[in-house]
Amino acid sequence: MLTDWIYAIAFFVTAAATVASALMVVLHRNPVINALYLVLCFFGVAVLYVLLESHFLAALQVLLYAGAVLVLFLMIIMLIRLDQEQLIKVKPKPGKALAVAAALGVVLVMIGVAHSLSSPSSQRGAFLLQREQPERIAAFLLDLGERRADLNVAPQKEPLSETDKVQLARQALNALAKPETMAKAQWPEPFRSMAPNRIEALRKALLAGLSRQWTLAQIGAPAGFKELNRAHIAAFIRTAAKARLTQLDEFGTTAAVGRDLFSRYLLPFEAASILLLAAIVGVLLLARRNPEEGGSR
Amino acid sequence: MSPIVIGLDHFLSLSAVLFGIGMIGALVRRNAITVFMSIELMLNSVNLAFAAFAYYRWDTTGQVFVFLVMVVAACEVAAGLAIILALFRNKETVNLDELNVMRW
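Let me sum up the structure you'll find in this document. What you are looking at is a predicted structure, and each value in this text was computed from that prediction instead of being measured.

What counts, and at which threshold
- All chains use their own residue numbering, which begins from 1 and follows the written sequence.
- Following the order in which they are written, the chains are lettered starting with A and the ligands numbered starting with 1.
- The model is predicted, so local features are restricted to residues of pLDDT at least 70 and side-chain atom pairs to those at 80 or more, both for listing and for counting; the totals for chains, interfaces and linings are taken over all residues.
- Side-chain descriptors were evaluated using all non-hydrogen atoms of the structure, hydrogens and water having been removed beforehand.
- A fitted line through C-alpha atoms serves as each axis, taken over the contacting stretch for helices, and the angle formed by two N-to-C directions is quoted from 0 to 180°.
- Only runs of H or I of at least four residues qualify as helices and only runs of E of at least two qualify as strands under DSSP, and these elements are numbered from the N terminus.
- Geometric relationships in this document are graded by angle, where less than 35 degrees denotes roughly parallel, more than 145 denotes roughly antiparallel, 65 to 115 denotes roughly perpendicular, and other angles denote oblique.
- Two residues form a contact once any of their heavy atoms are found within 4.5 Å.
- Classes in brief: Ala, Val, Leu, Ile, Met, Phe, Trp, Tyr, Cys and Pro nonpolar; Asp, Glu, Lys and Arg charged; the others, Gly included, polar.
- Here, a salt bridge means any side-chain nitrogen of Lys or Arg that lies within 4 Å of a carboxyl oxygen of Asp or Glu.
- Polar contact is the term for a pair of N or O atoms within 3.5 Å; when the atoms are in protein, one must be able to donate a hydrogen and the other to accept it, and sequence-neighboring residues count only if both atoms are side-chain atoms.
- Classification of residues uses two cut-offs on accessible area relative to the type maximum, computed with a 1.4 Å probe and protein chains only: under 20% is buried, over 50% is exposed, and between them is partly exposed.

On to the packing of helix α2 (residues 32–57) of chain B against helix α3 (residues 61–91) of chain B, then. Residue and element names in this part refer to chain B. Two numbers describe how α2 lies on α3: the axes approach to 9 Å, and their chain directions differ by 175 degrees. Between α2 and α3, the interaxial angle falls into the category roughly antiparallel. Residues Ala32, Ile33, Phe36, Ile39, Glu40, Leu43, Asn47, Phe50, Ala51 and Ala54 of α2 form the contact with α3, whose own contacting residues are Gly62, Gln63, Phe65, Val66, Val69, Met70, Ala73, Glu76, Val77, Gly80, Leu81 and Ile84. Residues belonging to the contact of α2 with α3 are distributed by class as follows: 16 nonpolar, four polar and two charged.

This is how it looks when you write it as structure tokens:
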């Protein structure tokens, strides 16, 4: 309860500071002041990343934006005469009012979409539960399909709805999607001796069942897996749940982002490195003096 | 009094507001450097939305995307500011109204 208040206050204070500094970036006439308010805005976003438990991103935000990008901006401002815009009398144009109106329209549409997302499932459902009661989630996921008395479960304030259960189970099965998680999972028999592609087929079949709005009680062995009974399926989902719990613990750390970056998103990562190389070469070419100016080196 | 629970919609609304402010800046301001800052603002708001989705889905993928957007933004700032500097060398101005040589 108290942490909820602190979280809400931290969010609103940071959000107000970020929006105010963003407004100053856009409204103030002096580019140096704009750049300094931009730092403030970037720091505000970094704090929001911390609130979102994305600590790696918060560190990157401060290093990359507040550090590198801002220094670049300030350097260019120093290289360019500042009085340019201040000297020009800005005459009001109908285009500007139109631009502001268009931007406000875009904001309204986006906020509308955001509020359509504030369905019960995003307010009080599995999303929230994950933040508030990790031990309850752990208990539920490990409990899935089969009661386990040795778990020390905190008394439940409100029972999980069937939708939340299905969503948690689906997330658990999704957690197995990565090959390395699939390999690392401690499979019980009879899955240990199964070929990986067969396990993947079973995982997809169970996910398909959950997508058809089945309740957990309706989930049985899918077609093609006649040798499996309900206890086997429960063991399967429990293994998925354990993989999911490992994933939950790791969220937001450098290790988690790095693992994704170097496995599933290796190609985009390498493409980004090529983009950086292209940017370096391009900027060097742009910065070089024109040969006809006599400055060729 | 029950506390206000900060949900996905709060973060997305904030992101939308930041995006709108950046958009107004990019469309209305005439100083090329400030326009660039506004574009950075818009990229940041998109990053915030990515991070919010990652958090409320508890999935690291969104953070990977934020990382990639940051890389692209860094490239864009470096190249864009170099272009602005080259323009200033040739035209002695960063006022976008005067930089209309490509307009037909």
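Having seen the model, we can carry on.
On to the packing of helix α2 (residues 31–51) of chain A against α2(B), then. Contact geometry for α2(A) and α2(B): axes closest at 11 Å, N-to-C directions at 5 degrees. As judged from the angle between their axes, α2(A) and α2(B) are roughly parallel. Along the contact surface, α2(A) presents Pro31(A), Asn34(A), Ala35(A), Leu38(A), Cys41(A), Phe42(A), Val45(A), Leu48(A), Tyr49(A) and Leu51(A), while α2(B) presents Thr34(B), Met37(B), Glu40(B), Leu41(B), Asn44(B), Asn47(B), Leu48(B), Ala51(B) and Tyr55(B). For the contact of α2(A) with α2(B), the class distribution of residues is 14 nonpolar, four polar and one charged.

Bringing the interface of chain A and chain B into the picture now. Of the residues lining the interface, 88 residues belong to chain A; the matching set on chain B comes to 78 residues. On inspection of chain A and its partner chain B, the count reaches zero salt bridges. Connecting chain A to chain B are five residue pairs in polar contact (both at pLDDT 80 or more). Here the side of chain A that touches chain B gets 14 residues from one element, more than from any other, and that element is helix α1 (residues 2–27) of chain A. Along the lines of polarity and charge, the residues of the side of chain A that touches chain B split into 63 nonpolar, 13 polar and twelve charged.

Here we take up the side chain of Thr14(A). All names here are of chain A. Relative to the elements of secondary structure, Thr14 occurs in helix α1. When its relative accessible area of 12% is taken as the criterion, Thr14 is described as buried. In this structure, Thr14 is in contact with Gly44, Val47 and Leu48, ignoring residues within four places of it in sequence.

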